[in-house]
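Coordinate inspection notes
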Amino acid sequence: MHFARTAVLLAAMTGLFLAVGYLVGGAGGALMALFMAGAMNMFAYWNSDRLVLSMYGARPVDRTSAPGLYGVVEHLARRASMPMPKVYVIDNPQPNAFATGRNPENAAVAATTGLLALLNEEEIAGVMAHELAHVRNRDTLTMTITATLAGAISMLGNMVLFMGASRGSEESNGSPLGFVGSLLLMILAPLAAMLVQTGISRSREYEADRIGAAICGNPLWLASALAKLERGASQIDNHAAEANPATAHMFIVNPLHARSMDNLFSTHPATANRIKALQSMAQEYGIHPHDRKINSSERDGRQTSPWEKEPGHRTGPWG
């Protein structure tokens with residue numbers, strides 16, 4: 001369902017681009033804007049992992065320096081039959097996490113120190129499974145295509161400033177929009193593109209929740225983590241994210257809240273809706289909160305691993 005919704009939104013974005021391109025600059029202007037936006041976003045696509053990880057001061061960790069986090073990611077990658085991604089930790093008090101990389105073979109997952117301090121092992125597994133789902137679904141590619149079209153539409157809107165109020169003749173492939181029409185196009189076209197872009201981002205978050213819950217085997221782990229992350233992120237500023245709001249869609253929960261405009265075009269669905277969907281998924285799996293607590297429990301005098309499969313419980317397609 002969410003894949004179909006993403007496809008429809010991408011088609012809408014493409015149609016919007018073609019319409020704006022024809023009205024503003026004809027075929028030539030549209031192709032020029034698309035080429036410029038595509039070149040910038042392809043550079044970001046191939047270098048996104050290094051750029052974003054450097055932007056947030058992420059440091060690589062391994063089995064020795066961060067055995068808990070690394071072990072969780074390693075186990076989840078095996079369950080999902082995926083290559084082991086690089087693992088990073090970000091020294092940031094806001095609890096959050098993201099994934100980056102152009103494909104599963106060149107992927108990285110990062111968690112903040114705030115997240116590692118706040119969540120238990122099972123909740124961390126739920127979050128990391130969500131990030132691996134983004135990698136598996138190649139959401140970086142999807143959002144790069146979206147950003148390319150949105151950027152091209154924004155460029156076309158800005159072209160209005162340099163083309164004057166009207167391109168009056170058919171010979172020049174322009175359209176007699178007039179001053180008011182040009183002004184509205186300059187404002188509304190990028191706005192519409194931004195709305196479609198946020199819609200696609202929200203759709204990908206729902207899909208990553210679904211696939212991530214299947215990877216880790218218990219949707220309630222991710223649901224519990226999301227509730228804690230939402231509260232923590234709303235109370236602690238992420239200064240790096242506030243300075244680079246274009247990266248906000250990468251995080252598992254919205255890292256922006258310090259400025260009044262941050263929630264106007266939120267790239268994330270309402271956390272309450274995500275939790276509700278995960279709880280419904282848990283019921284379909286036959287998992288209930290009283291059947292398995294979020295915290296690890298004692299069984300037969302030993303610590304129960306969060307990876308153990310209880311009798312009668314489904315653990316998803318990779319269980």
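For the structure given in this document, a descriptive report is provided here. (Residues numbered from 1 in each chain as written. Predicted model: local features only at pLDDT ≥ 70, side-chain atom pairs only at ≥ 80, totals over all residues. Heavy atoms only, no water.)

1. A word on the sheet that holds strand β1 (residues 59-61)
- Strand order in the open sheet made by the four strands is β1-β2-β4-β3, with mixed pairing throughout. Unpaired on one side and paired on the other, β1 and β3 (97-101) mark the two borders of the sheet. Neighbour-to-neighbour, the strand axes of this sheet turn through a mean angle of 30 degrees, independent of strand direction.
- One ladder, built from five bridges, connects β3 with strand β4 (residues 107-112); its direction is antiparallel. Looking at the pairing, A99 lines up with V109 of β4.
- Strand contacts of helix α2 (residues 67-79): β1, β2 (86-90) and β4, with the helix running at about 140 degrees to β2, the strand carrying the most contacts. (Pairing = 2+ DSSP bridges. Helix = DSSP H or I, 4+ residues; strand = E, 2+ residues; numbered from the N terminus. Axes fitted to C-alpha atoms, helices over the stretch in contact; angles between N-to-C directions. Contact = heavy atoms within 4.5 Å.)

2. Some remarks on the environment of I252
- Inspection of the secondary structure puts I252 in the loop between α8 (239-243) and α9 (271-285).
- For the pair formed by I252 and E131, sequence separation is 121 residues and the distance between their alpha carbons is 7.7 Å.
- Residues in contact with I252, not counting those within four places in the same chain, are N96, A97, V127, H130, E131, E205, L222, L226, L229, H268 and R274.

3. What to know about the environment of R50
- By the element assignment, R50 lies in helix α1 (residues 2-55).
- Since its relative accessible area comes to 52%, R50 is described here as exposed.
- Spatially, the C-alpha atoms of R50 and G101 are 8.6 Å apart, while their sequence positions differ by 51 residues. (Buried < 20%, exposed > 50% of the residue type's maximum accessible area, 1.4 Å probe, protein only.)

4. So, the nonpolar core
- Among the nonpolar cores identified, the biggest contains 48 residues, and L69, L76, L115, V127, M128 and I252 are the most heavily contacted of them.
- Sorting the residues of this core by element identifies α2, β2, β3, β4, α4 (121-136), α6 (178-216), α7 (219-235) and α9 as the ones contributing at least two each.
- Once residues within four sequence positions are removed from consideration, L69 is found in contact with V87, Y88, V89, A111, L116, I124 and M128.
- In this structure, Y88, I90, A110 and L256 belong to the second largest nonpolar core, which totals 14 residues. (Core = buried A, V, L, I, M, F, W, Y, C linked by side-chain atoms within 4.5 Å.)

5. Some remarks on the pattern of salt bridges
- Summed over the entire model, instances satisfying the criterion amount to seven salt bridges.
- Residue R59 pairs with D91 through a salt bridge whose shortest N-O separation is 3.3 Å. Here D91 lies in the loop between β2 and β3 and R59 lies in strand β1, a separation of 32 residues in the sequence.
- The partly exposed category is assigned to R59, whose relative accessible area is 37%.
- Taking the relative accessible area as the measure of exposure, D91 reaches 53% and is therefore exposed.
- E205 is the salt-bridge partner of R274, the closest N and O atoms lying 3.4 Å from each other. With R274 in helix α9 and E205 in helix α6, the pair connects residues that are 69 residues apart, well separated along the chain. Each member of the pair, R274 as well as E205, is classed as buried. (Salt bridge = Lys/Arg side-chain N within 4 Å of Asp/Glu carboxyl O.)

Just geometry here; none of it tells us what the structure is for.
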